[in-house]
Amino acid sequence: MKKVSAADLAINGGSPLFDSILSTSNLVLPSQEIFFERLQNSISSSGLTSNGPCVEEFEALIAQRYGVKHCIATCNGLWALAVCIRCIRLEGKSEIVMPSLTYRRMADIAAWVSMTPHFCDVEMTTRGVSAAKIEPCLNENTGLILAAHPIVDLCDIDSIVGLARERNIPLLFDSVEAAYATHGGKMIGGFGEAECFSMHASKFLNGFEAGYITTNSDSLAHDLRVMIDQEVPRESESSAFGINGRLCEAHAALAIASIYDLEDQIERNRGRYFAYKNLLSGIKGLRLVKYDEQQVRTFKNILVELTEDWSLDRAQTIELLHAENLLVRPYYSPPLHKKEYSFDVKTNIQSNTEFLGDRYLLLPCGDFVSESDVAEICELLNFISNTRDLIGAEL
Ligand SMILES: *Cc1c(COP(=O)(O)O)cnc(C)c1O
């Protein structure tokens, strides 16, 4: 890192710290050998349509790893969520309770299934939902609880499962960011009626564009396969409501290769995470959000809180880092209750979401970021932290 004064910052006309962009996308490229071998096999078998050998192998591998009865592969994470909601919601009820601080299209998904999102607050400690935050949103119209795990660690699974049981409301987990995590030593995937995952290239497992659903319910698995057109419906179901939500063989082939790389990926992520953890600990104004190291974690996302000692606001920080070719991202911004919609939404937010909404930043991660890149990034952050008045003046 060659910056000695604020004038050296790219935002002030200096040259960027990195020649090419470092992003917060995971972009893991698993073994091409496994990918092409599986694809070749699929092409030479007659499995070119739905449910070919790759999709079948992928589903079996995931079900086994998560310890669930069923995995249903889907075209992406969004439609995995949409079809789950259609299959498990209470008939005739209109509202879905979901956090505001989550994936940017979560409210849109509710609209796609003709339901109203009801935004709830999150806990300060987990940045995720809990029974205490969901309960104020429950009413006679509630048809589903959609508990989305936060970007680091998990939401309060136990209290939410308890509440859903007590009130007899179906529970769906968005577990995209919690892929391959354990809760109390038990792999996620089987909490609630179903759990949904994405395998977009930016997520933990790369399937180009893909998703999957895990469940322990035989009848739900059947309904889901019929709805996404993966399984031929029985006579009585031939007019069932549905979409084409299948996963194609080529994407499943890459997903299989990603599964075989999974343990190695976790090791690589762990290396980056601990490099960040060491180097960020000395920087005033930044606090790394730590993983629960007693549980299985993928260490994929690097999330930092800008504390009161960090003198730039988040927007300035992002602008400054983008100029250095560090494509940092704000954490779930704006929160969903702050967006404009062409459909009805309901909001029951106390102050936590507002407070948390503009304090967090995702730092570059994934296989295109080396541990020496991490060292450079942290040196820059340290420089910013120590030279803050100069930077403030320049801006
Ligand atoms: C990416 C993401 C989704 C959607 O997955 P796609 O495969 O991109 O459709 C849903 N929920 C969360 C939390 C996500 O991060």
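Small disclaimer: the values here were computed from a predicted structure and weren't measured.

*Asks:* Help me understand the pattern of salt bridges in this model?
*Replies:* Two side chains of opposite charge can pair, provided their charged atoms sit close to one another. With the rule as written, the count across this model stands at 20 salt bridges. The salt bridge involving E305 is made with R359; its shortest N-O contact spans 3.1 Å. Highlighted residues: E305 in strand β12 (residues 302-306) and R359 in the loop between α11 (351-356) and β16 (360-363), separated in sequence by 54 residues. The buried category is assigned to E305, whose relative accessible area is 10%. The class of R359 is buried, set by a relative accessible area of 15%. Beyond isolated ion pairs, a larger network of salt bridges with shared partners links D261, R268, R272 and D367.

*Asks:* Please explain the sheet that holds strand β3 (residues 95-99) as it appears in this structure.
*Replies:* Hydrogen bonds between backbone groups are what pair the strands of a sheet, and the pairing can be parallel or antiparallel. Strand order in this open sheet of eight strands is β2-β10-β9-β6-β5-β3-β4-β15, and the pairing throughout is mixed. Both edges of this open sheet fall to β2 (70-74) and β15 (346-348), since each of them pairs with a single strand only. The average undirected angle you get between the axes of adjacent strands in this sheet is 20°. Looking at chain direction, strand β9 (residues 194-198) and strand β10 (residues 211-215) are connected through four bridges and run antiparallel. Residue pairing in the sheet places F197 in a bridge with Y212 of β10. Contacting β2, β9 and β10, helix α2 (residues 53-66) crosses the sheet at an angle of about 135° to β2.

*Asks:* Explanation requested: the site of the ligand in the structure shown.
*Replies:* What surrounds the ligand is the set N76, G77, L78, L81, Y103, D174, V176, E177, S198, K203, A210 and Y332. Within the side chain of S198, an N or O atom sits 2.7 Å from an oxygen atom of the ligand. About the coverage of the ligand: the protein hides 91% of its 380 Å² of free accessible area. In this structure, the ligand is accommodated by the largest pocket. A total of three residues in the shell around the ligand trace back to one element, the largest contributor, which is helix α3 (residues 77-88). Of the residues assigned to the shell around the ligand, the class counts are six nonpolar, three polar and three charged.

*Asks:* Which parts of the structure should I look at to understand the packing of aromatic side chains?
*Replies:* Given two aromatic rings, their pairing is described by the distance between the two centres and the angle made by the two planes. A full pass over the atoms with the stated rule returns 18 aromatic pairs. Cluster of aromatic residues (ring-pair linked, three or more members): F58, Y66, Y180, F197, F204 and Y212. Across from the ring centre of F241, 3.9 Å away, lies the NZ or CZ of R86, which sits over that ring.

*Asks:* Looking at this structure, how should I read the sheet that holds strand β14 (residues 329-330)?
*Replies:* Spatial strand order, β11-β12-β16-β14: four strands in an open sheet with antiparallel pairing. Lying at the two open borders of the sheet, with one neighbouring strand each, are β11 (286-288) and β14. Note that β11 and β12 share three bridges and pair antiparallel. When the bridges of β12 are listed, L288 appears paired with V304. Of the strands in this sheet, β11, β12 and β16 are in contact with helix α9 (residues 262-280), which crosses β11 at around 145°.

*Asks:* Whenever I open this one, the packing of helix α1 (residues 32-44) against α2 confuses me. Can you help?
*Replies:* The N-to-C vectors of α1 and α2 enclose an angle of 130°; their axes lie 8 Å apart at closest approach. The angle between α1 and α2 falls in the class oblique. When α1 is examined against α2, the residues R38, N41 and S42 are found in contact with a partner set consisting of P53, C54 and E57. Residue classes in the contact of α1 with α2 are distributed as two nonpolar, two polar and two charged.

*Asks:* Just checking my understanding: could you explain helix α6 (residues 157-167) for this structure?
*Replies:* Buried residues of α6: I157, I160, V161, L163 and A164, and no others. Mapping the buried residues of α6 onto a view down its axis gives an arc of 165°, with all of them on the same face. Exposed residues lying more than 90 degrees from the buried face of α6 are R165 and E166. Where α6 is buried, its residues touch α5 (131-134), β5 (142-148), β6 (171-174) and β7 (182-183). Once α6 finishes, N168 follows within two positions and takes phi at roughly 60°, a positive value.

*Asks:* I'm lost on a nonpolar patch on the surface in this one. Help?
*Replies:* On the surface, L27, L29 and F368 cluster together into a nonpolar patch covering about 320 Å² of accessible area. When you line up the elements, L27 lands in the loop between β1 (22-23) and α1. With relative accessibility at 32%, the residue L27 sits in the partly exposed group.

*Asks:* I'm lost on the pairing of β9 in this one. Help?
*Replies:* Consecutive side chains along a regular strand alternate between the two faces of the sheet. Of all five residues making up β9, five are buried, and the element is well covered by its neighbours. What you see with β9 is no split at all: A194, C196 and S198 on one side and E195 and F197 on the other are buried throughout. One ladder, built from three bridges, connects β6 with β9; its direction is parallel. Within β9, the position partnered with L172 by the bridge is A194.

*Asks:* Just checking my understanding: could you explain the layout of surface pockets for this structure?
*Replies:* Here the idea is plain: a probe the size of a water molecule rolls over the atoms and shows the empty space left. Here the largest pocket defines a volume of roughly 820 Å³. Along the walls of the largest pocket sit 33 residues, with Y103, R104, S202, K203 and R329 positioned nearest its centre. Contributing elements (two or more residues each) for the lining of the largest pocket: α3 and β14. When residues in the lining of the largest pocket are grouped by element, the largest group, three residues, is from α3. Here the lining of the largest pocket is built from residues that sort into 12 nonpolar, 12 polar and nine charged. If you add up the space inside the second largest pocket, you get close to 180 Å³. In terms of lining residues, the second largest pocket is bounded by R86, C87, R89, E91, D223, V226, M227, E237, A240 and F241. At the level of elements, α3 and α7 (218-227) are the ones that each hand at least two residues to the lining of the second largest pocket. Broken down by element, the residue count for the lining of the second largest pocket peaks at three residues, all from α7.

Here is what the cut-offs are and how they apply
Residues numbered from 1 in each chain as written. Predicted model: local features only at pLDDT ≥ 70, side-chain atom pairs only at ≥ 80, totals over all residues. Heavy atoms only, no water. Salt bridge = Lys/Arg side-chain N within 4 Å of Asp/Glu carboxyl O. Helix = DSSP H or I, 4+ residues; strand = E, 2+ residues; numbered from the N terminus. Buried < 20%, exposed > 50% of the residue type's maximum accessible area, 1.4 Å probe, protein only. Pairing = 2+ DSSP bridges. Axes fitted to C-alpha atoms, helices over the stretch in contact; angles between N-to-C directions. Contact = heavy atoms within 4.5 Å. Near = heavy atom within 4 Å. Polar contact = N/O pair within 3.5 Å; in protein donor to acceptor, adjacent residues only side chain to side chain. Areas by Shrake-Rupley, 256 points an atom, 1.4 Å probe, with all protein chains shown as cover. 1 Å grid on protein atoms, 1.4 Å probe; cavity = no way out; pocket = protein on both sides within 12 Å on 5 of 7 lines; lining within 4 Å. Sits in = over half its atoms within 2 Å of the grid points. Nonpolar A, V, L, I, M, F, W, Y, C, P; charged D, E, K, R; others polar. Phe/Tyr/Trp six-rings, centres within 6.5 Å; stacked < 30°, edge-to-face > 60°. Lys NZ or Arg CZ within 6 Å of the ring centre and 35° of its normal. Parallel < 35°, antiparallel > 145°, perpendicular 65-115°, else oblique. Arc of directions from axis to C-beta. Patch = residues over 30% accessible without salt bridge, like charges linked within 9 Å, V, L, I, M, F, W, Y side chains within 5 Å. Points joined across faces, edges and corners; volume = space filled by probe spheres on them.

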